[in-house]
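The lines below spell out each chain.
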There are 2 protein chains.
Amino acid sequence: MSLIVAKFGGTSVASPERIKGVARRLAAMHDAGNQVVAVVSAMGKTTDELMGLANAVNADPPARELDRLLSTGEQVSMTLLALALEAMGYPAISFTGRQAGIETNGTHNRAKIVRVRNERILEALSAGKIPVVAGFQGIDANGDITTLGRGGSDTTAVAVAWGIDADVCEIYSDVDGVYTTDPRIAPRARKLDVVTYDEMLELSSVGAGVLQSRAVEFAKKWGVVIHSRSAFSEAEGTYVREESRMEQAVITGIAHDKSEMKVTIRHVPDTTGVAAKVFTALGENSVNMDMIIQNTSLDGATDISFTCPAADLPKAKETIEAVLPEIGAASYDVDEDIAKVSLVGTGMKSTPGVSARAFRTLGENNINILAISTSPIRLSMVIEASEAQRAVQVLHTAFELDSESVFEETQLSAEEIAAKMNKGR
Amino acid sequence: MSLIVAKFGGTSVASPERIKGVARRLAAMHDAGNQVVAVVSAMGKTTDELMGLANAVNADPPARELDRLLSTGEQVSMTLLALALEAMGYPAISFTGRQAGIETNGTHNRAKIVRVRNERILEALSAGKIPVVAGFQGIDANGDITTLGRGGSDTTAVAVAWGIDADVCEIYSDVDGVYTTDPRIAPRARKLDVVTYDEMLELSSVGAGVLQSRAVEFAKKWGVVIHSRSAFSEAEGTYVREESRMEQAVITGIAHDKSEMKVTIRHVPDTTGVAAKVFTALGENSVNMDMIIQNTSLDGATDISFTCPAADLPKAKETIEAVLPEIGAASYDVDEDIAKVSLVGTGMKSTPGVSARAFRTLGENNINILAISTSPIRLSMVIEASEAQRAVQVLHTAFELDSESVFEETQLSAEEIAAKMNKGR
């Protein structure tokens, strides 16, 4: 009835038992009359293990050889899944990135897909087979193997779905969809039936990591409908697509992110061009500044703060230490205990007063806002890390996102996952 | 100075540390002015582990998918070795079986090499690079990945050596060459400088498993000189080649083999065609009979014995049980405690009296011979397993193979191997 691309991540194929579980799931989809193409990641931690081996023999492995090495992980899982399907009596055929026609640019380790040749997959489907495609990999114009970077299998799945014009690209994982916020933080979080691509991208970029951002960008660009759902239940998950909802909430979800730090440069002379000099130097050294805060001038000097990812901190420190004497500032300090809480929703565009309501809510709860940034569909506020959980909860309630029911624990142990997978399928 | 193909087995590349040891060895060969091509097996027990995974998802995995799965093992080791060489400043390039131009027939799991395209390897050598080739794998005419069967990496190495017209194909392992007999059995065993292809084949087929028989057959057919040597010492090993030695010993080596069993069918009517009926049935059921012994008739009935590999025993039993009533024989029994001791040497052809000397030697030592078989360069005798070690020792002395020195323990622990590998190279 439908043409479905179904992607299973490393956790879902981490053992022969789980691979058999995935095969049963695909077989059920096939039996229900669908045509189905599977896309798989490497088993469990295989990619990390291969990377560890490479680093053990070469501290700085050349990208081309590294890609050849890493690509073997998915070749193992794709073959095992095809074998498992065959064992159940379902004709299957596995395809490497090359064989699936995933053509990329030549940027090894984080290649971009430039073309998808769909012939072999369509041919296999016509022959009644279940194609199993290796995620994460492709070939460049020289015929060399490339990999798409972390989480690249999501992107492969979307690209294949686009290439064969599938009805839906189902991304299976150990969570059952996209929530209004992290249920472990706010137990009244609600699973969303639908989010738009833009909302998903804003949610991803601020720490709600269900789907790879690149995959969502690709899906948006090419109009592929994504269905994020659980590998361990039959329940519907969350659709990611372009949609004009009839009844639209102002806010779709609330993300939080503790991965940034705040750097404050003290007592900067309040002269024209000084702040520009600092930020130009940081930009030239590839420090990704997110928010910038310049306090009111006092005695002809001011404090300048900015936030950046923790990973950029060494570069930021180096730059500031070089610039400090030049601009005549006194010192700098780093605050690691900050969190960014973001309201996301396309409804914000047409609803005035969102910021006001957010600020008032936090104010009434004595939560101090350190910095603010916005996009057309996002309002981000930096607060102290210790306040993050409470901030998410009060905003979740204030923007009427609370569900009737209280969420139970989502984190499953390996045994629980195995038990769920073997249950009745 | 020379063009060398150097093959390293699974033990030699079992860990990042050992891979670095192999890289140092290749680098030293390169520094000495040689052009060198490496051929590698999968790391340690990788192939067995992949086979285990396949069997866990599919009790009878289709050969084509299985070959795709197994071939990833060498893709990992070849890439890691290339990375290790690069890290030492030696330009390297890895080649899968496909890329190395190893073309095979379509018999998956035990494909035969039909052609070797040498262009890419020669091109890499011209560019000053060290090519690293995945052993054990090739492609068939459909472009599907094939594997060459157990020990296929030796065959790959010989095929590559032939394809690029190398001066020598060096096969590195944890033993330092071919011995007159197993040194663990006869401590006065001597390492041979040279054996001929035919001698090596006879020695291999009767249990002196240093080199894959198929690789030796291939080398004989195409005139490739093999040098079997230790991965852990610089000492010369044993050359396998066509050679007219000036000073030729009558016997080159003594092999022993405990992998066969003796089956005896009791009280078979001594009528024309009865024995033929038994052996035809066994042959049709693919039981590899090695030696056949028919005892003197007594009361119009006789006992018929044959030896066969232990692996063929279930088939043999099944066949005999079906045939027994038909031929009117009484019963059968199986003797697992036998050993085959074989004298091997091209010198046998031109030296009469070898058999007589062997039989006399065993007779003088009260070792009973149960069966005999011969080839132009081999004399095999089946004896009781408990006598095997003593038989090898007395024959080794009788045929003047004893060395001056007494062999010390050759079996190294993993730690000793690691220590040797890290020592000063």
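Just so it is clear, the model here is predicted, and its values are computed rather than measured. (Residues numbered from 1 in each chain as written. Chains lettered and ligands numbered in written order. Predicted model: local features only at pLDDT ≥ 70, side-chain atom pairs only at ≥ 80, totals over all residues. Heavy atoms only, no water.)

K.L.:
I tried to follow the overall build of chain A on my own but got confused; where do I start?
P.N.:
The secondary structure content of chain A amounts to 12 helices and 20 strands. The C-alpha atoms of chain A give a radius of gyration of 24 Å, which matches the 22 Å a tight globule of 425 residues would have. For chain A, the spread of C-alpha atoms along the principal axes amounts to about 80 × 55 × 40 Å. In chain A, the share of contacts with a sequence separation of at least 24, taken over all contacts with a separation of at least 6, comes to 74%. Accessible surface for chain A amounts to roughly 17900 Å². Of this, 48% is attributable to carbon and sulfur atoms. Across chain A, the centroid of the 41 positively charged side chains sits 4 Å from that of the 56 negatively charged ones. (Helix = DSSP H or I, 4+ residues; strand = E, 2+ residues; numbered from the N terminus. Rg over C-alpha atoms; globule rule 2.2 N^0.38 Å. Contact = heavy atoms within 4.5 Å. Areas by Shrake-Rupley, 256 points an atom, 1.4 Å probe, with all protein chains shown as cover. Lys, Arg positive; Asp, Glu negative; His and termini not counted. Charge placed at Lys NZ, Arg CZ, Asp CG, Glu CD.)

K.L.:
Explain unusual backbone geometry to me, please; I cannot follow it from the model alone.
P.N.:
With the exception of glycine, the majority of residues adopt a negative phi angle, and the majority of peptide bonds are in the trans configuration. All names here are of chain B. A positive phi angle, close to 55°, is found at Asp-165, a residue other than glycine. Here Asp-165 shows up in the loop between α5 (152–163) and β9 (168–173). The class of Asp-165 is exposed, set by a relative accessible area of 65%. A positive phi angle, close to 60°, is found at Asn-366, a residue other than glycine. On the basis of relative accessibility, which here comes to 66%, the residue Asn-366 falls in the exposed class. (Buried < 20%, exposed > 50% of the residue type's maximum accessible area, 1.4 Å probe, protein only.)

K.L.:
Looking at this structure, how should I read the interface of chain A and chain B?
P.N.:
Quite often, the size of an interface is put as the accessible area lost when its parts meet. The interface of chain A with chain B comprises 33 residues on the first partner and 33 residues on the second. Around 2700 Å² of area is buried between chain A and chain B when both sides are counted, 65% of it from carbon and sulfur atoms. One can count zero salt bridges joining chain A with chain B. At the surface where chain A touches chain B, the tally comes to 10 residue pairs in polar contact (both at pLDDT 80 or more). Looking at the side of chain A that touches chain B, the elements that each hand over two or more residues are α1 (16–31), α2 (46–57), α3 (63–87) and β3 (92–95) of chain A. The leading source of residues in the side of chain A that touches chain B is α3(A), at 15 residues. A per-class count over the side of chain A that touches chain B returns 21 nonpolar, seven polar and five charged. (Buried area = accessible area lost by both parts, 1.4 Å probe. Salt bridge = Lys/Arg side-chain N within 4 Å of Asp/Glu carboxyl O. Polar contact = N/O pair within 3.5 Å; in protein donor to acceptor, adjacent residues only side chain to side chain. Nonpolar A, V, L, I, M, F, W, Y, C, P; charged D, E, K, R; others polar.)

K.L.:
I'm lost on the packing of helix α8 (residues 274–284) of chain A against helix α9 (residues 313–327) of chain A in this one. Help?
P.N.:
To describe two helices that pack against each other, one gives the angle between their axes and the distance between the axes. All names here are of chain A. At a closest axis distance of 9 Å, the pairing of α8 and α9 adopts a crossing angle of 150°. As summarised for this structure, α8 and α9 are arranged roughly antiparallel, according to the angle between their axes. Taken as a pair, α8 and α9 cross one another with a handedness that is right-handed. In contact with Val-274, Lys-277, Val-278, Ala-281 and Leu-282 of α8, α9 contributes Ala-316, Thr-319, Ile-320, Val-323, Glu-326 and Ile-327. Looking at the contact of α8 with α9 residue by residue, the class counts come to eight nonpolar, one polar and two charged. (Axes fitted to C-alpha atoms, helices over the stretch in contact; angles between N-to-C directions. Parallel < 35°, antiparallel > 145°, perpendicular 65-115°, else oblique. Left-handed = near helix turned anticlockwise from the far one by under 90°.)

K.L.:
I'm lost on the sheet that holds strand β12 (residues 238–240) of chain A in this one. Help?
P.N.:
Strand pairing in a sheet relies on backbone hydrogen bonds. The paired strands run either parallel or antiparallel. Residue and element names in this part refer to chain A. Strand order in this open sheet of eight strands is β3-β6-β2-β1-β9-β11-β12-β10, and the pairing throughout is mixed. Across the chains shown, the open sheet's two edge strands, defined by having one partner strand only, are β3 and β10 (194–195). For strand β2 (residues 35–40) and strand β6 (residues 130–134), the ladder comprises three bridges, and the chain directions are parallel. The residue of β6 that forms the bridge with Val-39 is Val-133. (Pairing = 2+ DSSP bridges.)

K.L.:
Mind showing me how you'd approach the relation of the copies chain A and chain B here?
P.N.:
Superposition of the two copies of the chain requires a rotation about an axis and a shift along the axis. Note on the identical chains: chain A maps onto chain B by a rotation of 180° and an axial translation of 0.0 Å, with an RMSD of 0.2 Å. Interpreted geometrically, this transformation is the action of a two-fold axis. Ranked by how close their C-alpha atoms come to the rotation axis, the residues of chain A are headed by Thr72(A), at 2.8 Å. Counting the interface residues of chain A, we find that 100% of their copies in chain B are interface residues as well, pointing to one common contact surface. (Least-squares fit on C-alpha atoms with pLDDT ≥ 70 in both.)

K.L.:
So what exactly am I meant to see when it comes to α5(B) here?
P.N.:
Along an α-helix, a turn takes 3.6 residues, which lines up residues three or four apart on a common side. All names here are of chain B. For α5, built from 12 residues, the straight-helix expectation of 16 Å at 1.5 Å per residue is met to within 8% by its first-to-last C-alpha distance of 16 Å. Taken together, the buried positions of α5 are Gly-152, Ser-153, Asp-154, Thr-155, Thr-156, Ala-157, Val-158, Ala-159, Val-160, Ala-161 and Gly-163. Positive backbone phi, at 55°, marks Asp-165, one or two positions downstream of α5. (Expected span 1.5 Å × (residues − 1).)

K.L.:
Would you mind going over the environment of Pro91(A) with me for this structure?
P.N.:
Residue and element names in this part refer to chain A. Checked against the element boundaries, Pro-91 lands in the loop between α3 and β3. With 37 residues separating them along the chain, Pro-91 and Gly-128 place their C-alpha atoms 7.3 Å apart. Aside from chain neighbours lying at most four places away, what touches Pro-91 is Glu-86, Gly-128, Lys-129 and Ile-130.

K.L.:
Quick question: what am I supposed to make of helix α10 (residues 354–364) of chain B here?
P.N.:
All names here are of chain B. For α10, the complete set of buried residues consists of Val-354, Ala-358, Thr-361 and Leu-362. Axial view of α10: buried residues confined to an arc of 95°, hence all on one face. On its buried face, α10 sits against β18 (338–344), β20 (378–384) and α11 (388–398). Trailing α10 by a residue or two, Asn-366 shows a phi angle of about 60°, which is positive. (Arc of directions from axis to C-beta.)

K.L.:
Looking at this structure, I do not really get the pattern of salt bridges. What am I missing?
P.N.:
Oppositely charged side chains may form a pair once their charged atoms are brought near each other. Residue and element names in this part refer to chain A. What the rule picks out here adds up to 39 salt bridges over all chains. Note that Lys-20 and Glu-17 form a salt bridge whose closest N and O atoms lie 3.4 Å from each other. In this pair, Lys-20 and Glu-17 both sit in helix α1, three residues apart, roughly one turn of the helix. Residue classification places Glu-17 among the partly exposed positions, given a relative accessible area of 40%.

K.L.:
Looking at this model, I keep getting lost on the packing of α3(A) against helix α2 (residues 46–57) of chain B. Mind explaining?
P.N.:
Following both chains from N to C, one finds α3(A) and α2(B) inclined at 30°, their axes separated by 8 Å at the closest point. Classed by the angle they form, the pair α3(A) and α2(B) counts as roughly parallel. Relative to α2(B), α3(A) is oriented so that their crossing is right-handed. Residues Val76(A), Leu80(A), Leu83(A), Ala84(A) and Ala87(A) of α3(A) touch α2(B), and the partners they reach there are Leu50(B), Leu53(B), Ala54(B) and Val57(B).

K.L.:
Help me understand the packing of aromatic side chains in this model?
P.N.:
The description of two aromatic rings rests on the distance between their centres and on the angle between their planes. Within the structure shown, the criterion is met by 10 aromatic pairs over all chains. Where Phe8(B) meets Tyr172(B), the ring centres are 4.5 Å apart and the plane angle is 10°; that geometry is what we call stacked. In this pair, Phe8(B) sits in strand β1 (residues 3–8) while Tyr172(B) sits in strand β9, placing the two residues 164 residues apart along the sequence. Assigned by exposure class, Phe8(B) and Tyr172(B) land together as buried. Plain terms: the ring middles of Phe218(B) and Trp222(B) are 6.4 Å apart, the flat faces sit at 45° to each other, and that makes the pair tilted. Taken together, the residues span about one helical turn, with Phe218(B) and Trp222(B) both in helix α7 (residues 213–222) at a distance of four residues. Classification of Trp222(B) as partly exposed rests on a relative accessible area of 38%. Taking the ring centre of Tyr239(A) as reference, the NZ or CZ of Arg241(A) above it sits at 5.3 Å. (Phe/Tyr/Trp six-rings, centres within 6.5 Å; stacked < 30°, edge-to-face > 60°. Lys NZ or Arg CZ within 6 Å of the ring centre and 35° of its normal.)

K.L.:
For this particular structure, what's the right way to read the sheet that holds strand β15 (residues 292–294) of chain B?
P.N.:
Residues and elements named next belong to chain B. Pairing is antiparallel across the open sheet formed by four strands, whose spatial order is β15-β16-β14-β17. The open sheet has two edge strands with one neighbour each: β15 and β17 (331–335). Taken over all neighbouring pairs, the strand axes of this sheet differ in orientation by 15° on average, direction set aside. For β15 and strand β16 (residues 301–309), the ladder comprises three bridges, and the chain directions are antiparallel.

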